[in-house]
Amino acid sequence: MHSHRIEGVLLDMDGTIVDAFPPIIRALNQTFIEFGLPTMNDVEVKRHTGKGDCSMISLFGDRKEEAGIRFLEIHDEDYLDHITPLEGAVSLFEWLKASHIPSAIVTSKSQIRAEAQLQALGWSHYFETVIGKMPGRPEKPDPAPVLLACERLNIAPSASVMIGDGLADMKAATRAGSRPLGICDGFSYQELTDVGALSCFDSLTEVQAWLQKQID
């Protein structure tokens, strides 16, 4: 590993640096109820979103456009009030800054909502760039968001690591030539390594300790 210098760190948001699932779970289940469909439990929602390409079509079929609009209406009522930083997040960001290692957010959350949540947490200054969902921009597991983040950080994908909790994070990183590091939450160590995770951890504190060993 020491031969592969880490020049940049890419981070997913939900389930990786923050728990912003409560408004997602509430909005999705309220939409299911309104559309006469069965609801999902918390783990099912996390696993669904973590698989990527989380279009409404797989859940709502022909009514995906209508359902997508309704989901966002409900979600946006309180999505800035229910964001909990995950253990070790700020410590990791502070260490990356002190070590002069640039970092980027690579999320399937919409660009505007990702930026708003980071601002609400007072975290915007930690990241050189934020790559969120935008019209015409492919989503993870497509490698495009990872490649764009590396381009903006002015580093080769092979000089980056991508930290995430979903299968889509691991697949996107692998396809882009970045090194995927998994956080075990909705998915197991086995599930994450099966799709490319280089190493898996239970917390960002463990990730930081691993990174420090690679860089020191």
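What you see is a predicted model, and the numbers here were worked out from it, not measured in a lab.

Trainee: Mind showing me how you'd approach the environment of isoleucine 57 here?
Mentor: Among the structural elements, isoleucine 57 can be located in helix H3 (residues 57–60). Taking the C-alpha atoms as reference points, isoleucine 57 and asparagine 41, separated by 16 residues in sequence, lie 19 Å from one another.

Trainee: Please clarify how helix H7 (residues 144–153) should be interpreted in this entry.
Mentor: A turn of α-helix holds 3.6 residues, and therefore any two residues three or four places apart point the same way. For H7, the complete set of buried residues consists of Pro145, Val146, Ala149, Cys150 and Leu153. What you see down the axis of H7 is that its buried residues fit within an arc of 135 degrees, all on one side. In this fold, the buried residues of H7 make contact with strand S1 (8–11), strand S4 (103–110), strand S5 (129–133), strand S6 (160–164) and helix H8 (167–176).

Trainee: Explanation requested: the packing of helix H1 (residues 21–34) against helix H4 (residues 64–75) in the structure shown.
Mentor: Axis angle and axis distance: for two packed helices, these are the angle between their axes and the distance between the axes, and together they describe the pair. Where H1 contacts H4, the axes come no closer than 8 Å and their chain directions differ by 135 degrees. Considering their axes alone, H1 and H4 lie oblique with respect to each other. Both H1 and H4 take part in a crossing whose hand is right-handed. Between H1 and H4, the residues in contact are Pro23, Ile24, Arg26, Ala27, Leu28, Gln30, Thr31 and Glu34 and Ala67, Arg70, Phe71, Ile74 and His75, respectively. Grouping the amino acids of the contact of H1 with H4 by side-chain chemistry returns seven nonpolar, three polar and three charged.

Trainee: Can you help me understand the sheet that holds S4 in this one?
Mentor: Across the sheet, six strands lie side by side as S5-S4-S1-S6-S7-S8; this open sheet has parallel pairing. The open sheet has two edge strands with one neighbour each: S5 and strand S8 (199–201). In this sheet, neighbouring strand axes are inclined to one another by 20 degrees on average, regardless of whether the strands run parallel or antiparallel. The pairing of strand S7 (residues 179–183) with S8 spans three bridges and is parallel. Opposite isoleucine 183, over in S8, you have phenylalanine 201 as the bridge partner. Taken strand by strand, helix H6 (residues 111–121) contacts S4 and S5, and its axis lies near 125 degrees from that of S4. Of the strands in this sheet, S1, S4, S5 and S6 are in contact with H7, which crosses S5 at around 160 degrees.

Trainee: Quick question: what am I supposed to make of the pattern of salt bridges here?
Mentor: Between side chains of opposite charge, pairing is possible as soon as their charged atoms come close. Inspection of every chain in the model, using the stated rule, returns 14 salt bridges. The salt bridge partner of glutamate 73 is arginine 70, with a shortest N-O separation of 3.0 Å. Pair noted here: glutamate 73 and arginine 70 are both in helix H4, with a separation of three residues, about one helical turn. One network of salt bridges, with partners in common, ties together Asp12, Lys140 and Asp169.

Cut-off values and rules
Residues numbered from 1 in each chain as written. Predicted model: local features only at pLDDT ≥ 70, side-chain atom pairs only at ≥ 80, totals over all residues. Heavy atoms only, no water. Helix = DSSP H or I, 4+ residues; strand = E, 2+ residues; numbered from the N terminus. Buried < 20%, exposed > 50% of the residue type's maximum accessible area, 1.4 Å probe, protein only. Arc of directions from axis to C-beta. Contact = heavy atoms within 4.5 Å. Axes fitted to C-alpha atoms, helices over the stretch in contact; angles between N-to-C directions. Parallel < 35°, antiparallel > 145°, perpendicular 65-115°, else oblique. Left-handed = near helix turned anticlockwise from the far one by under 90°. Nonpolar A, V, L, I, M, F, W, Y, C, P; charged D, E, K, R; others polar. Pairing = 2+ DSSP bridges. Salt bridge = Lys/Arg side-chain N within 4 Å of Asp/Glu carboxyl O.

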